[in-house]
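Results of the structural survey
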Amino acid sequence: MTSILALDPAWTDHEPSGVALLQESNNCWSCTGLAPSYEQFVNLADGVPVDWMERPTSGLPDVSALIIAAQRLLGG
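Bear in mind that the values here come from a model prediction, so they are computed numbers and not experimental data. Sequence order sets the numbering: in each chain, residues are counted from 1 along the sequence as written. Reporting of local features is limited, given that this is a predicted model, to residues whose pLDDT is at least 70; pairs of side-chain atoms are given and counted only at 80 or more, and all residues count toward the totals for whole chains, interfaces and linings. Only hydrogens and water are removed before side-chain values are computed, so all heavy atoms of the structure are retained for them.

**Concerning the sheet that holds strand β3 (residues 28-35)**
Stated precisely, the cut-off is as follows: A strand pair is defined by DSSP finding two or more bridges across the two strands. Going along the chain from the N terminus, every DSSP run of H or I of four or more residues is numbered as a helix, and every run of E of two or more is numbered as a strand. Lines fitted to C-alpha atoms define the axes, with helix axes restricted to the stretch in contact, and inter-axis angles between N-to-C directions lie between 0 and 180 degrees. The contact criterion used is simple: two residues touch if any of their non-hydrogen atoms lie within 4.5 Å.
Strand order in the open sheet made by the 3 strands is β1-β2-β3, with antiparallel pairing throughout. Each end of this open sheet is capped by a strand with a single partner; those strands are β1 (2-8) and β3. Each neighbouring strand pair of the sheet contributes to a mean axis angle of 20°, computed without reference to strand direction. Two elements, β1 and strand β2 (residues 18-25), share 7 bridges in a ladder whose sense is antiparallel. Bridged to Ala 6 within β2 is Ala 20. Where helix α1 (residues 38-45) meets the sheet, it contacts β1, β2 and β3, and its direction lies at approximately 110° from that of β3.

**Comments concerning the nonpolar core**
The following threshold applies: Take the buried residues of types Ala, Val, Leu, Ile, Met, Phe, Trp, Tyr and Cys, join any two whose side-chain atoms come within 4.5 Å, and each joined set is a nonpolar core. Categorising residues by exposure relies on relative accessible area from a 1.4 Å probe, with only protein chains included: less than 20% of the type maximum marks a residue as buried, more than 50% marks it as exposed, and the intermediate range marks it as partly exposed.
Membership of the largest hydrophobic core is limited to 10 residues, which are Val 19, Leu 21, Ala 35, Tyr 38, Phe 41, Ala 45, Val 50, Leu 66, Ala 69 and Ala 70. Elements that contribute at least two residues to this core include exactly β2, α1 and α2 (63-73). Once residues within four sequence positions are removed from consideration, Ala 70 is found in contact with Leu 5, Leu 21 and Phe 41.

**Regarding the pairing of β2**
Both β2 and β3 contribute to a ladder of 7 bridges, which runs antiparallel. Among the inter-strand pairings, Ala 20 is bridged to a residue of β3, identified as Leu 34. In sequence, β2 turns back onto β3 through a hairpin of 2 residues, with Asn 26 there showing a positive phi of about 55°.

**A closer look at unusual backbone geometry**
One can expect most non-glycine residues to show negative phi and most peptide bonds to be in trans. A positive phi angle, close to 55°, is found at Asn 26, a residue other than glycine. With respect to the secondary-structure elements, Asn 26 resides in the loop between β2 and β3. Residue Asn 27 is not a glycine yet carries a positive backbone phi of 65°. Among the secondary structure elements, Asn 27 is positioned in the loop between β2 and β3.

**So, a nonpolar patch on the surface**
Stated formally: Like charges within 9 Å and nonpolar side chains (Val, Leu, Ile, Met, Phe, Trp, Tyr) within 5 Å are joined into patches, using only residues over 30% in relative accessible area that form no salt bridge. In short, Shrake-Rupley with a 1.4 Å probe defines the accessible areas, and a residue's cover is counted only from the protein chains shown. We define a salt bridge as a contact between a side-chain nitrogen of Lys or Arg and a carboxyl oxygen of Asp or Glu at a distance within 4 Å.
Judged by side-chain polarity, Leu 5, Leu 7, Val 63 and Ile 67 come together as a nonpolar surface patch covering roughly 320 Å² of accessible area. Mapped onto the nonpolar patch, the elements with two or more residues apiece are β1 and α2. Within the element layout of this structure, Leu 5 appears in strand β1. Given a relative accessible area of 33%, Leu 5 falls into the partly exposed group.

Structure follows, in C-alpha cells:
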C-alpha cells in the first residue's frame, strides 16, 4: 500500500496550511484525510470531524504529530 501525506504550506506562520492524506489500494487512490490546518488534521486522527465553517488555525507544523496522525488514519 502506498500513501502520500501532502501539505499545502501557507509559507507564513500566520496563515493556515492544508493537509491531505492519500492512499492507494488495488490501483485506486482515495483521500483518507483532509483538513484546512495542521491542528484540524491531527484532531481528525483523534476522531474529531473537520469543521469546515471554523476558521482554520495557523502556525508552524509539528511534523511528528502530523506523521503520527497519518499513521493512525491509515490504521497503523
